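Descriptive structure summary
In case you want the letters, here they are:
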Amino acid sequence: MGSKYVIGVDIGTTSTKSVLFSEKGEIISSYNIEYPLYSPTPDTAVQDPEEIMNAVVKTIKEVILSSNIPPNDIVCVSFSSAMHSLIAVDDEGKPLSPCITWADNRSVKWADKIKDEMNGHQIYLRTGTPIHPMSPLSKLLWMRKEQYELFSSASKFISIKEYVFYKLFGQFVVDYSIASATGMFNLQELNWDEEALKVAGVTSSQLSKPVSTTFRLTGMDSKFAEEMGIPENVPFVVGASDGVLSNLGVNAIEPGSIAVTIGTSGAIRTVIDRPITDPKGRIFCYALTENHWVIGGPVNNGGMIFRWVRDQLGASEIEAAKRLGVDPYDLLTEIAAKVSPGADGLLFHPYLAGERAPLWDAHARGSFFGLGLHHKKEHMIRAVLEGVIFNLYTVLLALKELIGEPKKIQATGGFARSHLWRQIMADIFNQELSVPESFESSCLGAAILGLYSLGMVDSLEVVSEMVGESHYHRPIEENVQIYEELAPIYIHVSRSLNEDYQRIAAFQKKWVQ
């Protein structure tokens, strides 16, 4: 019997990537297509569903073509997807709206209303999705109140992955994982939550049918099968969300194992065996399978903050990097590494795009605190890198309250390539840190879930045989002491500015074009 292969597809906010793996988890080929995020106003963040659909088809086609393997040796295609997207479609499944992404903030007023006046905390405790503009629950209420013509003409409201599966197979299905990120899915009952549906103003028939993350569809539309170069009868596994599959793909699924990812945004997550929500409302709870649940917190402000530093403070480094033929981020990191931990008493709160966990405050804004005449540009750069990690640390503290001390921390995402940033995390977390070899964690997680769905692997723990470690960091004691002194100040400042965040956000909305 010949070799067998599986394709993991990750539909992300900035791009779709398909990776062809052997059944042992080795990468055979990969292909990535970027697409735009349209922001005609500061609060708007939408995409074209057709651009994403085309990227899914083309990336699958290209990984098969570039691998030279016989398409009949592909046992399944399994999916990962960004969470919280919303598309209004008509009764033929055609989009009436763009794909409204998690980053769209137009429903901020209605999220506040759900929190304050519509029993929002109780809905969160049952559904696991914090009440926030990212959530389809908030988006639907906003659409009903402010875009009623669109809302009333829609037949269904779906996510981008549901749209892709409808186009391929003509069925509206949503996996438990994506459903559990809508704010409308009862985690205990594995079905739509009646009270949440009433708040949104929709019925269960206007949403897709919830199915297990291992659910398979076959008999794809022949037009797409031909375009991808794949047999029509290859099973497509509906899969899960990118966050929970990233945990699986970095081998952070045993109890007490935590995954920290910093890409454009960031997240910190751990896997448990039953759904749990936080009485203080700081963390999410999403499904991986019926027996694996992922709790944690997403942050808006990750690598995008370092990009802001590069663009606003790093003009000379960008020029020098061009001359030297190196990455400007490497030069900025070198500068920051020369500054002592704690940036000589300079703290940075990285809330340039509002914040999700642990504040759940779309009005939050960034700030430097402790700035003195002795501080230079390099201090500001270091403080920014530390501020992103301090913020993730506050989410870790919330997780510790619920699950106890973590046993191991796995770090992934673009930041994991930076030695300095990794060491800062080990020091602020005061925890040993390892970096898995796999940079394709969501695609690998999807592939493993696909193999599990087909019964080709007995358990998800098989990932431990597929993922090695490339870097390892231990906390440096003297750095730990500095950060332990600064952390309470960092936390207190951000909490005490709560009212002022709202006031400055209102000012900006009024005066900043």
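So, a few notes on the structure that sits alongside this text. Remember, predicted model here, so these are calculated numbers, not experimental data.

Another aspect to go through is a negative patch on the surface. A contiguous patch of negative charge, built from Asp221, Glu226, Glu227 and Glu232, is present on the exposed surface. With respect to the secondary-structure elements, Glu226 resides in helix H9 (residues 222-228). Relative accessible area serves as the criterion here: at 68%, Glu226 is assigned to the exposed category.

What follows covers the nonpolar core. Counting 124 residues, the largest nonpolar core has Phe157, Met425 and Phe429 as its most contacted members. Take this core: its biggest share by element is 13 residues, from helix H14 (residues 377-403). Counting 42 residues, the second largest nonpolar core, distinct from the first, contains Ile87, Cys99, Tyr163 and Val234.

Before going further, it helps to spend a moment on the side chain of Asn391. If you trace the backbone, Asn391 turns up in helix H14. At 3.3 Å, the side chain of Asn391 and the side chain of Tyr351 are in polar contact. Each residue touching Asn391, except ones within four places of it in the same chain, is listed here: Val299, Pro350, Tyr351, Glu355, Ala357, Pro358 and Tyr490.

What follows is about the environment of Tyr124. Positionally, Tyr124 belongs in helix H3 (residues 120-127). Remark: the alpha-carbon pair of Tyr124 and Arg269, spanning 145 residues in sequence, is separated by 18 Å. Those residues within four positions of Tyr124 in sequence are excluded, and the remaining contacts are Thr129, Pro130, Thr277, Asp278, Gly281, Arg282 and Ile283. Side-chain polar atoms of Tyr124 contact the backbone oxygen of Ile283, separated by 2.7 Å.

Strand order in the open sheet formed by seven strands is E17-E18-E16-E15-E21-E22-E23, with mixed pairing between adjacent strands. Each edge of the open sheet is held by one strand with a lone partner, namely strand E17 (284-289) and strand E23 (469-473). Going across the sheet, the axis of each strand differs from the next one's by a mean of 25°, ignoring polarity. Pairing between E17 and strand E18 (residues 292-299): five bridges, direction antiparallel.

The residue after Ala357, namely Pro358, is reached through a cis peptide bond having omega -10°. Mapped onto the elements of the fold, Pro358 is located in the loop between strand E19 (347-349) and strand E20 (367-369). The phi torsion at Asn68 lies on the positive side, around 60°, for a residue other than glycine. Along the chain, the position of Asn68 falls in the loop between helix H1 (49-67) and strand E5 (74-81). Positive phi is not limited to glycine here, since Asn430 has a value of about 50°. Position of Asn430 among the secondary structure elements: in the loop between helix H15 (419-429) and strand E22 (433-436). With a relative accessible area of 37%, Asn430 lands in the partly exposed category.

Inspection of the entire model under this criterion finds zero disulfides. Of all cysteine sulfurs, the one in Cys443 lies closest to Cys99, which takes part in no disulfide; the gap is 18 Å. Residue Cys99 is classed as buried on the basis of its relative accessible area of 2%. You can see Cys443 has no disulfide; the closest cysteine sulfur is in Cys76, sitting 13 Å from it. The buried category is assigned to Cys443, whose relative accessible area is 2%.

Looking at the secondary structure, you find Leu444 in helix H16 (residues 441-453). Given a relative accessible area of 3%, Leu444 falls into the buried group. Distance from Leu444 to His132, taken between C-alpha atoms, is 29 Å for residues 312 residues apart in sequence.

Another aspect to go through is a nonpolar patch on the surface. Together, Ile504, Phe507, Trp511 and Val512 make up an exposed nonpolar region whose accessible area comes to about 420 Å². Within the element layout of this structure, Trp511 appears in helix H18 (residues 498-511).

Time to look at the pairing of strand E21 (residues 408-412). The buried fraction of E21 amounts to four of the five residues, a majority that puts the element mostly inside the structure. The pairing of strand E15 (residues 257-262) with E21 spans five bridges and is parallel. Paired with Ser257 across the bridge in E21 is Lys408. Looking at chain direction, E21 and E22 are connected through two bridges and run parallel. Along E22, the bridge assignment pairs Ile409 with Leu433.

Now for the environment of Gly325. Secondary-structure assignment places Gly325 in the loop between helix H12 (315-324) and helix H13 (328-337). It is 39 Å that separates the C-alpha atoms of Gly325 and His363, two residues lying 38 residues apart in sequence.

For the pair H15 and helix H17 (residues 477-496), the least separation of the axes is 8 Å and the interaxial angle reads 65°. The orientation of H15 relative to H17 falls into the category roughly perpendicular. Crossing of H15 over H17 shows right-handed handedness. Along the contact surface, H15 presents Ile424, Asp427 and Ile428, while H17 presents Asn479, Val480 and Tyr483.

Scoring rules and cut-offs
Residues numbered from 1 in each chain as written. Predicted model: local features only at pLDDT ≥ 70, side-chain atom pairs only at ≥ 80, totals over all residues. Heavy atoms only, no water. Patch = residues over 30% accessible without salt bridge, like charges linked within 9 Å, V, L, I, M, F, W, Y side chains within 5 Å. Areas by Shrake-Rupley, 256 points an atom, 1.4 Å probe, with all protein chains shown as cover. Salt bridge = Lys/Arg side-chain N within 4 Å of Asp/Glu carboxyl O. Lys, Arg positive; Asp, Glu negative; His and termini not counted. Charge placed at Lys NZ, Arg CZ, Asp CG, Glu CD. Helix = DSSP H or I, 4+ residues; strand = E, 2+ residues; numbered from the N terminus. Buried < 20%, exposed > 50% of the residue type's maximum accessible area, 1.4 Å probe, protein only. Core = buried A, V, L, I, M, F, W, Y, C linked by side-chain atoms within 4.5 Å. Polar contact = N/O pair within 3.5 Å; in protein donor to acceptor, adjacent residues only side chain to side chain. Contact = heavy atoms within 4.5 Å. Pairing = 2+ DSSP bridges. Axes fitted to C-alpha atoms, helices over the stretch in contact; angles between N-to-C directions. Disulfide = S-S within 2.5 Å. Parallel < 35°, antiparallel > 145°, perpendicular 65-115°, else oblique. Left-handed = near helix turned anticlockwise from the far one by under 90°.

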